[in-house]
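# Descriptive analysis of the structure
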Amino acid sequence: MLLFQGLESWGLLVLRVFLGAIFIYHGLPKLSMPASMAKGMGKSTGFVAVLGFFEFVAGLALILGFYVEIAAIVTSIVMLGALYHKMFKWKTPFFAMDKTGWEFDFALLGMAVAVLFLGSGSISLDSLFGLFP
């Protein structure tokens, strides 16, 4: 549509900021209280702390537009793991009224893959520093 022509980088900025904010929001509790999060996830405290670190750092990188392709790969791997656990280990349905189904994880994976393919756009530290053409 001609009305929005030339605003692609703004669209990528919005996508990166929203995705990054979600990953920071989900990474912080894993960093600040890994033991209780590990109990709920059925994982070790160390694993949860490392997962939280990667979620937080990747989320920050997405928001800043810094090494976005690497952040998108990290978030994609995290979401593939989340999908595996929800679908096959915890048998969570795609959609449920009483809990978050795996539709949310599926949407986040799609967003991460889109960022991976589209890059950071011109409104990013990657563009400012000439890291990724």
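Here, every reference points to the structure presented above.
Residues numbered from 1 in each chain as written. Predicted model: local features only at pLDDT ≥ 70, side-chain atom pairs only at ≥ 80, totals over all residues. Heavy atoms only, no water.

### Topic: the layout of surface pockets
Considered as a void within the structure, the largest pocket measures approximately 590 Å³ in volume. Taken together, 23 residues form the lining of the largest pocket, with Lys30, Met41, Glu55, Ala82 and Asp105 sitting closest to its centre. At the level of elements, α1 (8-32), α2 (34-41), α3 (45-64), α4 (68-89) and α5 (103-118) are the ones that each hand at least two residues to the lining of the largest pocket. Considering each element in turn, the lining of the largest pocket owes the most residues, seven residues, to α4. Residue classes in the lining of the largest pocket are distributed as 13 nonpolar, five polar and five charged. (1 Å grid on protein atoms, 1.4 Å probe; cavity = no way out; pocket = protein on both sides within 12 Å on 5 of 7 lines; lining within 4 Å. Points joined across faces, edges and corners; volume = space filled by probe spheres on them. Helix = DSSP H or I, 4+ residues; strand = E, 2+ residues; numbered from the N terminus. Nonpolar A, V, L, I, M, F, W, Y, C, P; charged D, E, K, R; others polar.)

### Some words on the packing of aromatic side chains
Under the counting rule described, the total for this entry stands at six aromatic pairs. On the basis of an interplanar angle of 80° and a centroid distance of 4.8 Å, the ring pair of Phe94 and Trp102 is categorised as edge-to-face. You can call Trp102 buried: its relative accessible area is 18%. Summarising the aromatic geometry, the rings of Phe94 and Phe106 are spaced 6.4 Å apart at their centres and angled 75° between planes, so their arrangement reads as edge-to-face. (Phe/Tyr/Trp six-rings, centres within 6.5 Å; stacked < 30°, edge-to-face > 60°. Buried < 20%, exposed > 50% of the residue type's maximum accessible area, 1.4 Å probe, protein only.)

### A few points about the nonpolar core
In this structure, Leu19, Phe23, Leu62, Ala71, Val78, Met79 and Val115 are the most contacted members of the largest nonpolar core, which totals 17 residues. The set of elements that each furnish at least two residues to this core consists of α1, α3, α4 and α5. Sequence-distant contacts of Ala71, that is, excluding residues within four places in its chain, are made with Ala58, Ala61 and Leu62. (Core = buried A, V, L, I, M, F, W, Y, C linked by side-chain atoms within 4.5 Å. Contact = heavy atoms within 4.5 Å.)

### Side note on the environment of Ser44
Following the sequence through the fold, Ser44 ends up in the loop between α2 and α3. Accessibility expressed as a relative area gives 44% for Ser44, which makes it partly exposed. In this structure the C-alpha to C-alpha distance between Ser44 and Pro34, which are ten residues apart in sequence, comes to 8.6 Å. For Ser44, the side chain forms a polar contact with the main-chain nitrogen of Phe47, separated by 3.1 Å. (Polar contact = N/O pair within 3.5 Å; in protein donor to acceptor, adjacent residues only side chain to side chain.)

### Some words on the packing of α1 against α5
When two helices pack together, you describe them by how their axes are tilted relative to each other and by the distance separating the axes. Two numbers describe how α1 lies on α5: the axes approach to 10 Å, and their chain directions differ by 130°. Judged by the angle between their axes, α1 and α5 are oblique. In terms of crossing hand, the pair formed by α1 and α5 is left-handed. Residues Leu12, Leu15, Arg16, Leu19, Ile22 and His26 of α1 pack against Phe104, Leu108, Met111, Ala112, Ala114, Val115 and Leu118 of α5. Broken down by class, the residue content of the contact of α1 with α5 amounts to eleven nonpolar, one polar and one charged. (Axes fitted to C-alpha atoms, helices over the stretch in contact; angles between N-to-C directions. Parallel < 35°, antiparallel > 145°, perpendicular 65-115°, else oblique. Left-handed = near helix turned anticlockwise from the far one by under 90°.)

### Focus on the pattern of salt bridges
In this structure the tally under the stated criterion is two salt bridges. Lys86 is the salt-bridge partner of Asp105, the closest N and O atoms lying 2.8 Å from each other. Of this pair, Asp105 sits in helix α5 while Lys86 is found in helix α4, placing the two residues 19 residues apart along the sequence. As far as burial versus exposure is concerned, Asp105 and Lys86 are alike and both buried. (Salt bridge = Lys/Arg side-chain N within 4 Å of Asp/Glu carboxyl O.)

Shape is all these values report; function is a separate question.
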